Amino acid sequence: MNPESAAQRPPWREPYVWMVAGIPVLAICLGVVMLTVAKTGADSLVDDNYYKRGVEINKDTTARQRAAQLRMGIFVTQRPGGVCAHLQGETLPGANEVLSLRFAHIARRELDYALSLTADASGRCPAGATDSGLQSRTYWAPAAAIQRGQWSATLAAQDWRLSRRAGPVDGQVLEIDSLATR
């Protein structure tokens, strides 16, 4: 390549022109794409008040300790049209007391839901096996099928609470036991 022929070539034929102009233009385009993705694909927090909720959890261990003292445990199974829960323990809540069973998805808050369990007097749920020396009662809640995924399940009554990370739950038995160290 001689100097005379290089002077006659148009500027867009020179590779250095494309490199000098192309890199900043490419950086601007990629910056706009990244900004668009960041604005439209924002993840939601699992709990908006996560700090306050964390402090409450650390302070309120008495409900879990109470469940351990009573040797509470529950087996949750999916049935057509609802959820059966077989509760056992040394002392059970009153037959008229409503228990709260909350399923919180580990990563997707919009999938969280809560069930109100009432004593099953109609026999929709089969009786489960009971450990010796413990009382038992069966509870029922109408519900859609439990979706497959990683869940944090919490069962609560007035003065005790059981919780466990469980999954994948897919119509299987879910055991929440106060004595479990899982």
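Before reading further, recall that the structure is shown in the block above.
Because the structure is a prediction, the values reported are computed rather than measured.

**As for the overall build of the protein**
When its secondary structure is counted, the protein shows four helices and eight strands. Helices and strands appear in the protein in the N-to-C order α-α-α-α-β-β-β-β-β-β-β-β. For the protein, the proportion of its 182 residues judged to be buried stands at 28%. Of the contacts formed within the protein by residues at least 6 apart in sequence, a portion of 57% connects residues at least 24 apart.

**Details of a nonpolar patch on the surface**
There is a patch of nonpolar side chains on the surface, built from Tyr-16, Met-19 and Ile-23 and spanning about 370 Å² of accessible area. Its place among the elements puts Met-19 in helix H2 (residues 15–40).

**As for the pairing of strand E3 (residues 99–105)**
Counted residue by residue, E3 has five buried out of seven residues, so it is predominantly covered. Judged from the five bridges that link them, E3 and strand E4 (residues 113–119) form a sheet pairing that is antiparallel. Pairing of Leu-99 across the sheet is with Leu-117, part of E4. One ladder, built from six bridges, connects E3 with strand E6 (residues 151–156); its direction is antiparallel.

**Looking at the pairing of strand E2 (residues 82–89)**
Successive side chains on a regular strand alternate, one facing one side of the sheet and the next facing the other. Most of E2 is tucked away: eight of the eight residues are buried. A two-sided burial pattern is seen for E2, the buried positions comprising Gly-82, Cys-84, His-86 and Gln-88 on one face and Val-83, Ala-85, Leu-87 and Gly-89 on the other. Between strand E1 (residues 73–79) and E2, which follow one another and run antiparallel, lie two residues, and Gly-81 among them has a positive phi close to 90°. Pairing of E2 with strand E5 (residues 135–142) involves eight bridges; the strand directions are antiparallel. Bridge pairing in E5 links His-86 to Thr-138.

**So, H2**
Given 3.6 residues per turn, any residue in an α-helix points the same way as the ones three and four places further on. An ideal rise of 1.5 Å per residue puts 38 Å on 26 residues; H2 measures up with 37 Å between its terminal C-alpha atoms. Of all the bends found along H2, the most pronounced is centred on Gly-22 and spans about 30°, while Pro-24, a proline, follows it within four residues. The element H2 is largely exposed, with a buried count of zero among its 26 residues.

**Notes on the nonpolar core**
It is characteristic of soluble globular proteins that their nonpolar side chains tend to be buried jointly. Counting 25 residues, the largest nonpolar core has Met-72, Leu-87, Leu-99, Leu-117, Leu-155 and Trp-160 as the members making the most contacts within it. Looking at this core, the elements with two or more residues in it are E1, E2, E3, E4, E5 and E6. When residues no more than four places from it in sequence are discounted, the contact partners of Leu-155 are Ile-74, Leu-87, Leu-99, Ser-100, Leu-101, Leu-117, Trp-160, Arg-161 and Leu-162.

**Looking at the environment of Leu-87**
Within the fold, Leu-87 resides in strand E2. By relative accessible area, which is 0% here, Leu-87 ends up buried. Contact partners of Leu-87, with chain neighbours within four places excluded, come to Met-72, Gly-73, Ile-74, Leu-92, Pro-93, Leu-99, Gln-135, Ser-136, Arg-137, Tyr-139, Leu-155 and Trp-160.

**Comments concerning the environment of Thr-91**
Relative to the helices and strands, Thr-91 resides in the loop between E2 and E3. Note on Thr-91: relative accessible area 43%, which makes it partly exposed. Measuring from C-alpha to C-alpha, the distance between Thr-91 and Gln-135 comes to 6.7 Å, with 44 residues separating the pair along the chain. When near neighbours in sequence (up to four residues on either side) are disregarded, Thr-91 contacts Leu-70, Met-72 and Gln-135.

Parameters and conventions
Residues numbered from 1 in each chain as written. Predicted model: local features only at pLDDT ≥ 70, side-chain atom pairs only at ≥ 80, totals over all residues. Heavy atoms only, no water. Helix = DSSP H or I, 4+ residues; strand = E, 2+ residues; numbered from the N terminus. Buried < 20%, exposed > 50% of the residue type's maximum accessible area, 1.4 Å probe, protein only. Contact = heavy atoms within 4.5 Å. Patch = residues over 30% accessible without salt bridge, like charges linked within 9 Å, V, L, I, M, F, W, Y side chains within 5 Å. Areas by Shrake-Rupley, 256 points an atom, 1.4 Å probe, with all protein chains shown as cover. Salt bridge = Lys/Arg side-chain N within 4 Å of Asp/Glu carboxyl O. Pairing = 2+ DSSP bridges. Expected span 1.5 Å × (residues − 1). Bend = angle between axes of the 7 residues up to and from the residue. Core = buried A, V, L, I, M, F, W, Y, C linked by side-chain atoms within 4.5 Å.

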